[in-house]
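One letter stands for each residue in the lines below.
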Amino acid sequence: RKEVEQDPGPFNVPEGATVAFNCTYSNSASQSFFWYRQDCRKEPKLLMSVYSSGNEDGRFTAQLNRASQYISLLIRDSKLSDSATYLCVVNSGGGADGLTFGKGTHLIIQP
Amino acid sequence: GAGVSQSPSNKVTEKGKDVELRCDPISGHTALYWYRQSLGQGLEFLIYFQGNSAPDKSGLPSDRFSAERTGGSVSTLTIQRTQQEDSAVYLCASSMEKGVTEAFFGQGTRLTVV
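A brief structural summary. Owing to the predicted nature of the structure, the values given are computational and were not obtained by experimental measurement.

Observations concerning the sheet that holds strand β8 (residues 75-79) of chain B
Two modes of strand pairing occur in sheets, parallel and antiparallel, and in both the strands are linked by backbone hydrogen bonds.
All names here are of chain B.
Item 1. In spatial order, the strands read β1-β3-β8-β7; together these four strands make up an open sheet with antiparallel pairing. Looking at which strands have only one partner, the edges of the open sheet turn out to be β1 (5-7) and β7 (65-69). When the angles between neighbouring strand axes are averaged without regard to direction, this sheet yields 15°.
Item 2. Pairing analysis gives five bridges linking β7 to β8, with the strands arranged antiparallel. From the neighbouring strand, R69 faces β8, where its bridge partner is S75.

Structure (C-alpha coordinates):
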(Lines give C-alpha, C1' and ligand atoms only; values in the text may rest on other atoms or scores of the structure.)
Protein backbone atom coordinates (compact mmCIF):
# COMPACT_ATOMS: atom_id res chain seq x y z
CA ARG A 1 0.00 0.00 0.00
CA LYS A 2 1.07 3.57 -0.62
CA GLU A 3 2.61 5.27 2.38
CA VAL A 4 1.55 8.22 4.41
CA GLU A 5 4.20 9.44 6.83
CA GLN A 6 3.72 11.49 9.99
CA ASP A 7 5.92 12.49 12.88
CA PRO A 8 4.49 10.43 15.76
CA GLY A 9 5.41 12.99 18.41
CA PRO A 10 4.40 13.43 21.11
CA PHE A 11 4.22 17.18 20.72
CA ASN A 12 4.04 18.82 24.15
CA VAL A 13 2.71 22.34 23.68
CA PRO A 14 1.63 24.96 26.24
CA GLU A 15 -1.95 26.10 26.13
CA GLY A 16 -2.42 29.07 23.81
CA ALA A 17 0.53 28.22 21.59
CA THR A 18 0.43 27.54 17.87
CA VAL A 19 1.39 24.07 16.67
CA ALA A 20 1.85 22.66 13.18
CA PHE A 21 2.01 19.12 11.86
CA ASN A 22 3.15 17.90 8.50
CA CYS A 23 2.31 14.75 6.64
CA THR A 24 3.93 13.41 3.47
CA TYR A 25 2.40 11.01 0.99
CA SER A 26 4.06 8.95 -1.70
CA ASN A 27 1.30 8.45 -4.27
CA SER A 28 1.32 11.40 -6.66
CA ALA A 29 -2.07 10.28 -8.00
CA SER A 30 -3.74 10.93 -4.65
CA GLN A 31 -6.88 12.99 -5.02
CA SER A 32 -8.43 13.59 -1.62
CA PHE A 33 -6.88 14.49 1.68
CA PHE A 34 -8.22 14.70 5.20
CA TRP A 35 -7.21 15.27 8.78
CA TYR A 36 -8.87 13.08 11.38
CA ARG A 37 -8.74 13.37 15.13
CA GLN A 38 -8.69 10.38 17.45
CA ASP A 39 -9.19 10.67 21.18
CA CYS A 40 -7.90 7.98 23.51
CA ARG A 41 -9.88 4.75 23.16
CA LYS A 42 -12.28 6.34 20.68
CA GLU A 43 -12.79 5.97 16.96
CA PRO A 44 -11.25 8.48 14.52
CA LYS A 45 -13.46 11.38 13.54
CA LEU A 46 -13.11 13.76 10.62
CA LEU A 47 -11.54 17.07 11.61
CA MET A 48 -11.40 18.66 8.19
CA SER A 49 -10.92 17.99 4.53
CA VAL A 50 -7.88 19.51 2.83
CA TYR A 51 -8.48 21.44 -0.37
CA SER A 52 -5.94 22.49 -2.98
CA SER A 53 -6.48 26.14 -2.18
CA GLY A 54 -6.06 25.56 1.54
CA ASN A 55 -8.88 25.90 4.00
CA GLU A 56 -9.55 27.24 7.45
CA ASP A 57 -12.03 26.24 10.11
CA GLY A 58 -11.83 28.45 13.17
CA ARG A 59 -8.47 27.87 14.82
CA PHE A 60 -7.53 25.13 12.35
CA THR A 61 -5.87 25.67 8.97
CA ALA A 62 -5.06 22.93 6.48
CA GLN A 63 -2.73 23.28 3.51
CA LEU A 64 -1.89 21.01 0.59
CA ASN A 65 1.32 21.14 -1.40
CA ARG A 66 0.95 18.80 -4.37
CA ALA A 67 4.37 19.53 -5.81
CA SER A 68 6.10 18.43 -2.61
CA GLN A 69 3.38 15.93 -1.71
CA TYR A 70 2.72 17.09 1.79
CA ILE A 71 -0.20 18.23 3.86
CA SER A 72 -0.07 20.45 6.90
CA LEU A 73 -2.34 21.22 9.82
CA LEU A 74 -1.96 24.37 11.88
CA ILE A 75 -3.70 24.84 15.22
CA ARG A 76 -3.76 28.35 16.66
CA ASP A 77 -4.48 29.34 20.25
CA SER A 78 -4.37 25.69 21.32
CA LYS A 79 -6.80 24.48 23.99
CA LEU A 80 -6.49 21.66 26.48
CA SER A 81 -9.28 19.93 24.57
CA ASP A 82 -7.09 19.80 21.45
CA SER A 83 -5.05 17.03 23.08
CA ALA A 84 -5.51 14.01 20.82
CA THR A 85 -3.87 12.06 18.03
CA TYR A 86 -4.15 13.68 14.61
CA LEU A 87 -4.28 11.35 11.63
CA CYS A 88 -3.40 12.31 8.09
CA VAL A 89 -5.52 10.48 5.53
CA VAL A 90 -5.04 10.18 1.79
CA ASN A 91 -7.47 8.71 -0.71
CA SER A 92 -6.04 7.80 -4.06
CA GLY A 93 -9.40 7.43 -5.72
CA GLY A 94 -8.44 5.34 -8.66
CA GLY A 95 -7.88 1.63 -8.97
CA ALA A 96 -8.13 -0.49 -5.88
CA ASP A 97 -6.75 2.03 -3.42
CA GLY A 98 -8.96 3.18 -0.63
CA LEU A 99 -8.11 5.31 2.35
CA THR A 100 -4.56 5.27 3.61
CA PHE A 101 -4.03 6.48 7.18
CA GLY A 102 -0.86 7.82 8.66
CA LYS A 103 0.14 6.45 12.06
CA GLY A 104 -0.87 9.75 13.65
CA THR A 105 0.77 12.58 15.56
CA HIS A 106 0.14 12.67 19.30
CA LEU A 107 -0.50 16.17 20.66
CA ILE A 108 -0.51 17.04 24.35
CA ILE A 109 -1.60 20.53 25.36
CA GLN A 110 -0.23 21.46 28.76
CA PRO A 111 -1.87 23.97 31.12
CA GLY B 1 -29.23 4.12 11.48
CA ALA B 2 -27.53 7.48 11.47
CA GLY B 3 -24.01 6.21 11.80
CA VAL B 4 -21.83 3.16 11.30
CA SER B 5 -22.83 0.45 13.70
CA GLN B 6 -20.54 -2.36 14.84
CA SER B 7 -21.32 -5.36 16.94
CA PRO B 8 -20.45 -6.67 19.37
CA SER B 9 -18.80 -3.72 21.08
CA ASN B 10 -16.70 -6.06 23.17
CA LYS B 11 -15.79 -9.69 22.64
CA VAL B 12 -13.72 -11.95 24.84
CA THR B 13 -12.92 -15.31 23.31
CA GLU B 14 -10.71 -18.25 24.04
CA LYS B 15 -7.66 -18.91 21.94
CA GLY B 16 -8.51 -21.19 19.04
CA LYS B 17 -12.16 -20.17 18.78
CA ASP B 18 -13.66 -18.47 15.73
CA VAL B 19 -15.19 -15.00 16.00
CA GLU B 20 -17.40 -12.98 13.70
CA LEU B 21 -17.51 -9.20 13.79
CA ARG B 22 -20.28 -7.24 12.14
CA CYS B 23 -20.37 -3.82 10.53
CA ASP B 24 -23.52 -2.04 9.40
CA PRO B 25 -22.46 0.98 7.31
CA ILE B 26 -24.33 4.21 6.75
CA SER B 27 -27.15 3.62 4.30
CA GLY B 28 -26.10 4.41 0.74
CA HIS B 29 -22.37 4.24 1.39
CA THR B 30 -20.74 2.08 -1.26
CA ALA B 31 -17.24 1.89 0.19
CA LEU B 32 -16.52 -0.01 3.40
CA TYR B 33 -13.21 -0.43 5.19
CA TRP B 34 -11.95 -2.64 8.00
CA TYR B 35 -9.01 -1.61 10.15
CA ARG B 36 -7.57 -2.85 13.38
CA GLN B 37 -5.77 -0.92 16.07
CA SER B 38 -3.68 -2.36 18.85
CA LEU B 39 -3.31 -0.36 22.05
CA GLY B 40 -1.24 2.75 21.46
CA GLN B 41 -0.66 1.88 17.82
CA GLY B 42 -1.84 3.35 14.52
CA LEU B 43 -4.56 2.02 12.27
CA GLU B 44 -3.69 -1.15 10.37
CA PHE B 45 -5.60 -1.57 7.11
CA LEU B 46 -7.24 -4.97 6.68
CA ILE B 47 -9.63 -4.93 3.74
CA TYR B 48 -11.74 -2.63 1.65
CA PHE B 49 -15.02 -3.23 -0.20
CA GLN B 50 -16.50 -1.34 -3.09
CA GLY B 51 -20.07 -2.60 -3.20
CA ASN B 52 -19.83 -6.32 -2.56
CA SER B 53 -16.41 -6.82 -4.08
CA ALA B 54 -13.10 -6.52 -2.32
CA PRO B 55 -10.52 -5.14 -4.75
CA ASP B 56 -7.93 -4.82 -2.02
CA LYS B 57 -7.35 -7.73 0.35
CA SER B 58 -3.69 -7.00 0.84
CA GLY B 59 -4.00 -6.11 4.48
CA LEU B 60 -5.45 -9.34 5.79
CA PRO B 61 -2.72 -10.64 8.12
CA SER B 62 -3.24 -14.32 7.46
CA ASP B 63 -5.58 -16.85 5.89
CA ARG B 64 -7.38 -17.07 9.23
CA PHE B 65 -8.94 -13.71 8.39
CA SER B 66 -11.75 -13.37 5.90
CA ALA B 67 -14.45 -10.83 5.19
CA GLU B 68 -17.55 -10.57 3.12
CA ARG B 69 -20.15 -8.02 2.30
CA THR B 70 -23.62 -8.81 1.07
CA GLY B 71 -26.24 -6.64 -0.58
CA GLY B 72 -23.80 -3.77 -0.68
CA SER B 73 -24.50 -3.20 2.99
CA VAL B 74 -23.59 -5.29 6.03
CA SER B 75 -20.09 -6.71 6.25
CA THR B 76 -18.71 -9.44 8.48
CA LEU B 77 -15.09 -10.00 9.41
CA THR B 78 -14.35 -13.54 10.50
CA ILE B 79 -11.27 -14.61 12.38
CA GLN B 80 -10.73 -18.35 12.61
CA ARG B 81 -8.68 -20.10 15.28
CA THR B 82 -8.04 -16.85 17.12
CA GLN B 83 -4.63 -16.16 18.58
CA GLN B 84 -3.64 -13.79 21.35
CA GLU B 85 -1.98 -11.44 18.87
CA ASP B 86 -5.39 -10.93 17.28
CA SER B 87 -6.43 -8.93 20.34
CA ALA B 88 -7.14 -5.38 19.18
CA VAL B 89 -9.91 -2.95 18.39
CA TYR B 90 -11.43 -3.71 15.00
CA LEU B 91 -12.78 -0.57 13.34
CA CYS B 92 -15.12 -0.35 10.40
CA ALA B 93 -15.62 2.76 8.28
CA SER B 94 -17.82 3.60 5.33
CA SER B 95 -17.85 6.37 2.77
CA MET B 96 -20.35 7.45 0.17
CA GLU B 97 -17.96 7.19 -2.69
CA LYS B 98 -14.47 5.86 -2.89
CA GLY B 99 -12.17 8.58 -3.96
CA VAL B 100 -13.41 11.90 -2.81
CA THR B 101 -15.55 11.66 0.28
CA GLU B 102 -14.58 11.28 3.88
CA ALA B 103 -15.14 8.06 5.80
CA PHE B 104 -17.15 7.67 8.97
CA PHE B 105 -16.12 5.18 11.62
CA GLY B 106 -18.05 2.91 13.88
CA GLN B 107 -17.11 2.71 17.53
CA GLY B 108 -15.24 -0.51 16.99
CA THR B 109 -15.23 -4.01 18.42
CA ARG B 110 -12.72 -4.59 21.18
CA LEU B 111 -11.54 -8.18 20.79
CA THR B 112 -9.67 -9.89 23.59
CA VAL B 113 -8.29 -13.38 23.03
CA VAL B 114 -7.46 -15.16 26.27
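Once you've had a look at it, read on.
Points about the packing of aromatic side chains
Item 1. For the structure shown, the criterion picks out 13 aromatic pairs over all chains.
Item 2. Geometrically, the ring pair formed by F101 of chain A and F105 of chain B is edge-to-face, given 5.5 Å between the ring centres and 75° between the ring planes. With one member in each of two chains, F101 of chain A in strand β10 (residues 99-101) and F105 of chain B in strand β10 (residues 103-105) form a pair that bridges those chains.
Item 3. Judged by its relative accessible area of 9%, F105 of chain B falls in the buried class.
Item 4. Through pairs of rings, three or more aromatic residues link up here, namely F34, Y36 and F101 of chain A together with Y33, Y35, F45, Y48 and F105 of chain B.

Side note on the pattern of salt bridges
Item 1. According to the stated counting rule, one finds seven salt bridges over all chains in the structure shown.
Item 2. The partner of D39 of chain A in a salt bridge is R37 of chain A, and the shortest N-O contact between them spans 2.9 Å.

Parameters at a glance
- Residues numbered from 1 in each chain as written.
- Chains lettered and ligands numbered in written order.
- Predicted model: local features only at pLDDT ≥ 70, side-chain atom pairs only at ≥ 80, totals over all residues.
- Heavy atoms only, no water.
- Pairing = 2+ DSSP bridges.
- Helix = DSSP H or I, 4+ residues; strand = E, 2+ residues; numbered from the N terminus.
- Axes fitted to C-alpha atoms, helices over the stretch in contact; angles between N-to-C directions.
- Phe/Tyr/Trp six-rings, centres within 6.5 Å; stacked < 30°, edge-to-face > 60°.
- Buried < 20%, exposed > 50% of the residue type's maximum accessible area, 1.4 Å probe, protein only.
- Salt bridge = Lys/Arg side-chain N within 4 Å of Asp/Glu carboxyl O.

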